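# Descriptive analysis of the structure
Chain residues, written in single-letter form:
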Amino acid sequence: MNKNISLSVILPIKSSKAKDFGVFFEKAIASLHNQQEQCDELVIVHTNEESLVSFLDAYDFKSLNVVKKVWNEEPNYCSQMNYGVEQSTSEWVSFFEFDDEYSNIWFKNFKKYLEVYPEVSTFLPVVVDVDNKEVFAGFTNEATFAANFAQEMGYLTNEVLQDYQNFQTSGIILKKDVFILTGGFKPSIKLTFGYEFLLRLSYNSPSIMTIPKLGYKHTNLREGSIFWNYKFGDNKITEDEVKFWLQTAKKEYFFTTDRKIKYEIQTS
Amino acid sequence: MNDIKTKIETSLTNLKEKKSRIYFVVQDTKGNARASVKFIYDIAMALKDDGFNSIILHEKKEYTGVESWLDESYMSKLPHQAIEGENLNISPEDFIVLPEIYGFIMEQIKDLPCGKIVLTQSYSYILDTLQPGQTWSSFGFFKCITTSEKQKEYVETFMKKISYDIITPVISAAFTKPKLPPMPIIAMHTRDQTDTINIVKQFYLKYPQFRWFTFRDMRGLSENEFANSLKNCFLSVWIDDASGFGTYPLESMSCGVPVIGKIPDLIPEWMDEKNGIWVQDKLKIVDYIAEFVQNWLEDSVKPELYDDIEVTAQKYNNFENFKTNVIEKFSGYLNNRINAFEDQLKKI
């Protein structure tokens, strides 16, 4: 099927030096080609790292409509994603990562559910989490369907998020203007930036729905990834800091602007 | 002699004018939905709509009725009478249609001069209330209405000297394809509730990754609640070894919901290898559910399955066909009585 839907996929990339970058990237792009409904464009927001620029220039994206935007400032997932959304030209945007894959039915199901749930402004996929060896680790975003969990089956509410954080924004499809009006991601928030965004989104816009279909494959803790670095890398964060960012998310979601939060070690 | 002649002529007039009473005995389900009772009401209603004098007969004066789970019109349009404490006027031109579960009533009414018809929906109940050696014919029941050719073939192997007619149940108009996509909910309908409990528990233990799927026991719902619940489901599970017809899977199919079912002892005539996932081994049902769940999540359930269930369901949701069949059968019964009375009249 070669029917485009008004959807831009935003793909921020920091570096091509990540382990197995080429392999991951190839699979990620293939997952876009394999969609049963095609998106309008792929917006890649990449740093000016020489090897990455060369890689992207040489890459054959075939039929995909690719828009490459250089990010000249300090690499940051949230800032690059915000910029990509701003630069996109579709009504809807979806967040992608080079080490992940969309399932071939995700855009088709987005279109199908949008037709019958026109009031919904954010659709979450059921995410299949895998480890580096592609071994199944679990599902994410599925909990909206669990018995006695959400007030209305399938819908994610702010109330639910207060008690349960295991939701993610990877693969999400939401209205571009909703993302912008909500304030986008907050680059100063570490670790819980996705959670804080969902809290804010649900606080401002009540219609967030999980589509009960496998929509996205997410590689957990890939070596060199943001969350791997938080856990194992040079930027490893302590348990106290984890708690701090969790509490911060719950405090900050009332504000649509990034208040430049910093973690400071408390000394008595 | 003249008195008898007058009575026969009166009976003939009542039969010809469709005034003869057709009593349908029903169980009081105490407000619980039951397909077998709905089937009786559907027959009575089809006849009433065509000018027949159908009457619902319940055992006790205190009758809960069916408006809470079926429809108010079934209560208001059809006259209801209690057997207990009321003097039933039963004339020779009248008919009593008695479900097979009321074997004990057969003996009580064996001397009534009316037409007597046994209605068999579930072959497994036939012998429950009969003493060893007793048959329907020994109580003056020579006519049986049943729901399928298969059931007829089976029942006539041991209930002999009976003529059989088939009235296939119709699936209610409440069971239609939903407008919204289904939720990750599995509808459960098992004769024995422990089957439902065991499947749910085993499924969650064996496939913990699918704990977010909900099982819904379909007991105790009104027809509309039942239909609306089914429409939310992406899969139905059905276990009923003693099923006589298999209304539930057809209701599921009418809602576009595929069924995983254990093949009953009497294989329904609508069942084929394409219109469902039919299994012999009850213990494997959880594995079939898990496989179906995975396929559903990936949108890889074969589209042909949905096509086939739709084709099957369409054969059983035409109320006009059902009504035509009912009227044809009962007109035949009335005509037979007319012929019998006219023969008697000639002999006088």
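Everything numeric in this text was worked out from a predicted model, so none of it was measured.

## A word on the overall build of chain A
Regarding its fold elements, chain A presents 9 helices and 9 strands. The C-alpha atoms of chain A give 18 Å as radius of gyration, which agrees with the globular expectation for 268 residues (18 Å, within 12%). Dimensions of chain A along its principal axes, counting C-alpha atoms only, are 60 × 45 × 35 Å. At a minimum sequence separation of 6, the contacts of chain A that also span at least 24 residues come to 75%. Accessible surface for chain A amounts to roughly 12400 Å². Of this, 49% is attributable to carbon and sulfur atoms. Between the mean site of the 28 positive side-chain charges and the mean site of the 36 negative ones, chain A shows a separation of 1 Å.

## With respect to the pairing of strand 2 (residues 38–47) of chain A
Residue and element names in this part refer to chain A. Counting buried residues in strand 2 gives 9 out of 10 residues, a clear majority hidden from the surface. Bridging between strand 1 (residues 4–13) and strand 2 involves 8 bridges; their strand directions are parallel. Bridge assignment links Ile5 to a residue of strand 2, and that residue is Cys39. Each parallel crossover has a hand, and for strand 1 linked through helix 1 (residues 21–33) to strand 2 it is right-handed.

## Overview of the sheet that holds strand 5 (residues 115–120) of chain B
Residues and elements named next belong to chain B. Across the sheet, which stays open at both edges, the 7 strands sit in the order 3-2-1-4-5-6-7 with parallel pairing between neighbours. In the strand order of this sheet, the two ends are held by strand 3 (80–82) and strand 7 (163–166), each with one partner. With strand direction ignored, the average angle separating the axes of adjacent strands in the sheet is 30°. Where strand 4 (residues 95–99) lies against strand 5, 5 bridges are found, and the strand directions are parallel. Across the sheet, residue Leu98 finds its bridge partner in strand 5, namely Val118.

## Examining the interface of chain A and chain B
Taken together, the contact between chain A and chain B spans 18 residues of the former and 16 residues of the latter. Here chain A and chain B share an interface that buries about 1500 Å² over both sides, 69% of which is from carbon and sulfur atoms. Linking chain A to chain B there are 2 salt bridges. B:Asp299 is the salt-bridge partner of A:Lys108, the closest N and O atoms lying 2.8 Å from each other. Along the contact surface separating chain A from chain B lie 5 residue pairs in polar contact (both at pLDDT 80 or more). Contributing elements (two or more residues each) for the side of chain A that touches chain B: helix 4 (106–116), strand 7 (136–140) and strand 9 (208–219) of chain A. If you tally residues by element for the side of chain A that touches chain B, the top one is helix 4 of chain A, at 5 residues. A per-class count over the side of chain A that touches chain B returns 13 nonpolar, 1 polar and 4 charged.

## A look at the pairing of strand 7 of chain A
Residue and element names in this part refer to chain A. Bridging between strand 6 (residues 122–130) and strand 7 involves 4 bridges; their strand directions are antiparallel. Across the sheet, Val130 pairs through a bridge with Phe136, a residue of strand 7. With antiparallel pairing between neighbouring strands as the criterion, strand 6 and strand 7 make up a hairpin whose turn holds 5 residues, including Glu134 at a positive phi of roughly 65°.

## Focus: the packing of helix 7 (residues 193–204) of chain A against helix 9 (residues 239–252) of chain A
Helix-helix packing is characterised by the crossing angle of the two axes and by the distance between the axes. Residues and elements named next belong to chain A. One can describe the packing of helix 7 onto helix 9 by two numbers: an axis separation of 8 Å at closest approach and a directional angle of 25°. As judged from the angle between their axes, helix 7 and helix 9 are roughly parallel. Crossing angle aside, the handedness with which helix 7 passes helix 9 is right-handed. Every residue of helix 9 that contacts helix 7 at Tyr195, Glu196 and Leu199 is listed here: Leu246, Ala249, Lys250 and Glu252.

## A look at the packing of helix 1 (residues 2–16) of chain B against helix 11 (residues 319–347) of chain B
Residues and elements named next belong to chain B. In the contact formed by helix 1 and helix 11, the axes pass within 10 Å of each other and the chain directions differ by 160°. Comparing the axis directions of helix 1 and helix 11 gives the class roughly antiparallel. Regarding helix 1 and helix 11, the two cross each other, and that crossing is left-handed. Of the residues in helix 11, those in contact with Lys5, Ile8, Glu9, Ser11, Leu12, Leu15 and Lys16 of helix 1 are Leu334, Arg337, Ile338, Phe341, Glu342, Gln344 and Leu345. The class makeup of the residues in the contact of helix 1 with helix 11 is 7 nonpolar, 2 polar and 5 charged.

Parameters at a glance
Residues numbered from 1 in each chain as written. Chains lettered and ligands numbered in written order. Predicted model: local features only at pLDDT ≥ 70, side-chain atom pairs only at ≥ 80, totals over all residues. Heavy atoms only, no water. Helix = DSSP H or I, 4+ residues; strand = E, 2+ residues; numbered from the N terminus. Rg over C-alpha atoms; globule rule 2.2 N^0.38 Å. Contact = heavy atoms within 4.5 Å. Areas by Shrake-Rupley, 256 points an atom, 1.4 Å probe, with all protein chains shown as cover. Lys, Arg positive; Asp, Glu negative; His and termini not counted. Charge placed at Lys NZ, Arg CZ, Asp CG, Glu CD. Buried < 20%, exposed > 50% of the residue type's maximum accessible area, 1.4 Å probe, protein only. Pairing = 2+ DSSP bridges. Right-handed = clockwise from strand over helix to strand, strands pointing away. Axes fitted to C-alpha atoms, helices over the stretch in contact; angles between N-to-C directions. Buried area = accessible area lost by both parts, 1.4 Å probe. Salt bridge = Lys/Arg side-chain N within 4 Å of Asp/Glu carboxyl O. Polar contact = N/O pair within 3.5 Å; in protein donor to acceptor, adjacent residues only side chain to side chain. Nonpolar A, V, L, I, M, F, W, Y, C, P; charged D, E, K, R; others polar. Parallel < 35°, antiparallel > 145°, perpendicular 65-115°, else oblique. Left-handed = near helix turned anticlockwise from the far one by under 90°.

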